[in-house]
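# Structure assessment
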Amino acid sequence: MPAASTTLRMLAVSVIASLTVTGCQTFEDAGVAMERSDLVNDLAARLDRALELTYSADYQLPGGQTAAIVQAQDPARSSYTYPGGRLTVTPEAVTRCTATGSHTECTLVAPPTPAGKPTVALFSEANRQGLATPPVVVGLLTAAALDPQAAIKQTDTTVAGRHATCVEVQRADGDFTACVTTEGVLGSFTGPVDGKPMELALSRYSETVQQDAFDPPAGANVVDRRPGRP
């Protein structure tokens, strides 16, 4: 199972635990907490299910830049392309590529183990470059659900021809809007991540994946730092 899938489940479970162990709540407060918990779990479940699909998703970023998420199964593989680089996770390796002009440098490290506990930090570079990954979106929803002062509004829309459920969140740490398609693909996101404004919108969705989607870019300089490799 991809690293992100385990992360999403851990975040969803933490929401349920935190909302159900709070002792000083009125019945009305508890009802609000459960509604928020249900909303977070629904969106997290959609994102989690998407990690078991094969698809390609292109995103439009500000300034005409683009990003992409590609996934395939048997075995489970995922690739996140963003301005200046790409992160690929396969059973064989985690590959981080950085592009400078016409030169691309890729580093291979050991993949997450099935028993490991991957963290959102795995996607930190993608986040810094403008691609809000599903684990980060779930984390923001989690924080909003646990914030009694947060205002959460659910709406529906269409993104790249796909129906999507959206949540508009207003809270002291920053307002954001996130949309998730019926398939579970991140449809759009607008808001701050680690203090940086971020905006993306799904521009194309396909249930097919190019054969070389998980290979290092052609002509890239590849450095293999996996244990036991020469």
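For the structure, see preceding data.
Scope of this entry: the structure provided in the associated data block. (Residues numbered from 1 in each chain as written. Predicted model: local features only at pLDDT ≥ 70, side-chain atom pairs only at ≥ 80, totals over all residues. Heavy atoms only, no water.)

## A look at the state of the cysteines
A complete count under the given rule lists two disulfides for this structure. The disulfide partner of Cys 97 is Cys 106, and the gap between their sulfur atoms is 2.1 Å. Between Cys 97 and Cys 106, the S-S torsion sits near 110°, and that sign places the bridge as right-handed. A relative accessible area of 5% means that Cys 97 is categorised as buried. The exposure class assigned to Cys 106 is buried, which follows from its relative accessible area of 0%. At a sulfur-sulfur separation of 2.0 Å, the disulfide partner of Cys 166 is Cys 179. Given an S-S torsion of about 105°, the disulfide between Cys 166 and Cys 179 has right-handed geometry. (Disulfide = S-S within 2.5 Å. Buried < 20%, exposed > 50% of the residue type's maximum accessible area, 1.4 Å probe, protein only.)

## Some points on the sheet that holds strand β3 (residues 77–82)
The strand order β7-β8-β9-β10-β11-β1-β2-β3-β4-β5-β6-β12 describes an open sheet built from 12 strands, whose pairing is mixed. For this open sheet the edge positions go to β7 (151–159) and β12 (221–224), each flanked by a neighbour on one side alone. The mean inter-strand angle of the sheet, taken between neighbouring strand axes irrespective of direction, is 15°. With five bridges joining them, β3 and strand β4 (residues 85–89) adopt antiparallel strand pairing. (Pairing = 2+ DSSP bridges. Helix = DSSP H or I, 4+ residues; strand = E, 2+ residues; numbered from the N terminus. Axes fitted to C-alpha atoms, helices over the stretch in contact; angles between N-to-C directions.)

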